[in-house]
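Tertiary structure, described
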Amino acid sequence: VIVRYRGRFAPSPTGPLHFGSLVAAVGSYLQARALGGRWLVRIEDLDPPREVPGAADEILRTLETYGLQWDETVVYQSQRHDRYQAVLDDFYQRGLTYHCQCSRARIQTLGGFYDGHCRSLALPAAQSSVRLRMCDPVYGFDDQRLGHIQVPAALAEEDFILKRRDGLFAYNLAVVIDDADSGVTEVVRGADLIEPTVRQIALYRLLGRNEPSWLHLPLALQADGRKLSKQNHAPALSQRQISQTLWQALFFLGQ
């Protein structure tokens, strides 16, 4: 059976799209179109405190303005909490998770990587985060653009968070479940997401789902070397100079 290519673009509604977002959107869109596949859009509205009201609709309008038309119904992560919880419940039954009450400050004193302190404490669910018991770490993967990528052992082996103490689901859990359920065959995204890839591959394997291939695009940077992002106040995409801005994105991607 030949599996038709399925790609996706998955912005967070924390503000309007900027040039870095456009590079990721255009890169994933062109890859899907070049391979005769489908291009999906998902709104990653997992973190209400960081979201900007109306941003999701504005993102979709901007994509349409730039001629980037998705092929299927837009998925909203905020509507999939029951699905994420069902996977967490299954993991818990399988002994793959545990509750943790360590503070971010404590983990910073360890050098930024959690040390498994709560693994065998059998803490209650209340006031706890949920961590994956990492038994089969993934230390590297093959990227379609960059070749083989190896990550530090401390990153690969860490028992990372699947659900935060405040009850919000973690990015790594939601993105893997959504991509697997949507049948995504290749993830095309910015190089700032290279490191979490090994954690996501580990989750695919625990879910018993086929892993996609990976393609990480170069990051658009500001003049000071920081990546263009909403946190760094990157300007919103022009709603007028569409052709010029698209040309700049294509040029940036080496097209």
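Structural notes, computed from the coordinates.

Rules used in this analysis
- Residues numbered from 1 in each chain as written.
- Predicted model: local features only at pLDDT ≥ 70, side-chain atom pairs only at ≥ 80, totals over all residues.
- Heavy atoms only, no water.
- Helix = DSSP H or I, 4+ residues; strand = E, 2+ residues; numbered from the N terminus.
- Rg over C-alpha atoms; globule rule 2.2 N^0.38 Å.
- Buried < 20%, exposed > 50% of the residue type's maximum accessible area, 1.4 Å probe, protein only.
- Contact = heavy atoms within 4.5 Å.
- Areas by Shrake-Rupley, 256 points an atom, 1.4 Å probe, with all protein chains shown as cover.
- Core = buried A, V, L, I, M, F, W, Y, C linked by side-chain atoms within 4.5 Å.
- Salt bridge = Lys/Arg side-chain N within 4 Å of Asp/Glu carboxyl O.
- Axes fitted to C-alpha atoms, helices over the stretch in contact; angles between N-to-C directions.
- Parallel < 35°, antiparallel > 145°, perpendicular 65-115°, else oblique.
- Lys, Arg positive; Asp, Glu negative; His and termini not counted.
- Polar contact = N/O pair within 3.5 Å; in protein donor to acceptor, adjacent residues only side chain to side chain.
- Phe/Tyr/Trp six-rings, centres within 6.5 Å; stacked < 30°, edge-to-face > 60°.
- Pairing = 2+ DSSP bridges.
- Right-handed = clockwise from strand over helix to strand, strands pointing away.

Some details on the overall build of the protein
The secondary structure content of the protein amounts to eight helices and ten strands. Against the compact-globule benchmark of 18 Å for 255 residues, the protein has a radius of gyration of 19 Å, which places it among compact chains. Seen along its three principal axes, the alpha-carbon backbone of the protein occupies a region of about 60 × 45 × 35 Å. Burial analysis of the protein (255 residues in total) assigns 48% to the buried set. Considering only contacts within the protein whose residues lie at least 6 apart along the sequence, 77% involve residues at least 24 apart. If you sum the accessible surface of the protein, you get close to 12,800 Å²; carbon and sulfur atoms cover 52% of it.

A short note on the nonpolar core
Core analysis: the largest hydrophobic core is formed by 34 residues, its most contacted members being Y84, F91, L132, F141, L162, L173 and L203. Per element, the largest residue contribution to this core is six residues, and it comes from helix α6 (residues 171-181). Beyond its immediate sequence surroundings of up to four residues, Y84 is in contact with L46, Q77, F169, L173, A174, I177 and D178.

Here we look at the pattern of salt bridges
For the structure on display, the rule yields 19 salt bridges. As a salt-bridge pair, R164 and D47 come within 3.4 Å of each other at their nearest N and O atoms. Here D47 lies in the loop between β2 (38-43) and α2 (55-65) and R164 lies in the loop between β8 (161-163) and α6, a separation of 117 residues in the sequence. Taking the relative accessible area as the measure of exposure, R164 reaches 31% and is therefore partly exposed.

A closer look at the packing of helix α3 (residues 81-93) against α6
Describing two packed helices takes the angle between their axes plus the distance from one axis to the other. The contact between α3 and α6 brings their axes to 10 Å, and the two run at 105°. By the criterion of interaxial angle, the relationship of α3 to α6 is roughly perpendicular. Contact residues: R83, Y84, V87 and L88 in α3; L173, A174, I177, D178 and D181 in α6.

With respect to the side chain of D45
Examined against the element boundaries, D45 turns out to sit in the loop between β2 and α2. Buried within the structure, D45 lacks any salt-bridge partner; R42 is the closest side chain of opposite charge, at an N-O distance of 8.2 Å. Here the side chain of D45 touches S78 through a polar contact of 2.6 Å, side chain to side chain. In this structure D45 touches P13, E51, Y76, Q77 and S78, once residues within four positions along its chain are discounted.

Digging into the packing of aromatic side chains
This model, assessed by the stated rule, comprises seven aromatic pairs. Considering the side-chain rings of F9 and W39, the 6.4 Å spacing of their centres and the 10° angle between planes classify their relative orientation as stacked. Here W39 lies in strand β2 and F9 lies in strand β1 (residues 6-9), a separation of 30 residues in the sequence. In terms of burial, F9 and W39 fall into one category: buried. Summarising the aromatic geometry, the rings of Y204 and W214 are spaced 6.4 Å apart at their centres and angled 80° between planes, so their arrangement reads as edge-to-face. Here W214 lies in strand β10 (residues 213-217) and Y204 lies in helix α7 (residues 197-207), a separation of ten residues in the sequence. No difference in accessibility class separates Y204 from W214, as the two residues are buried.

Some points on the pairing of strand β9 (residues 186-190)
Across a regular strand the side chains alternate sides, sitting on one face of the sheet and then on the other. Of all five residues in β9, five are buried, a share of seventy percent or more. Bridge count for β9 against β10 is five bridges, and the pairing is parallel. Bridging from a neighbouring strand, E186 pairs with S213 of β10. Since β9 and β10 lie parallel, the crossover through α7 that links them has a hand, and here it is right-handed.

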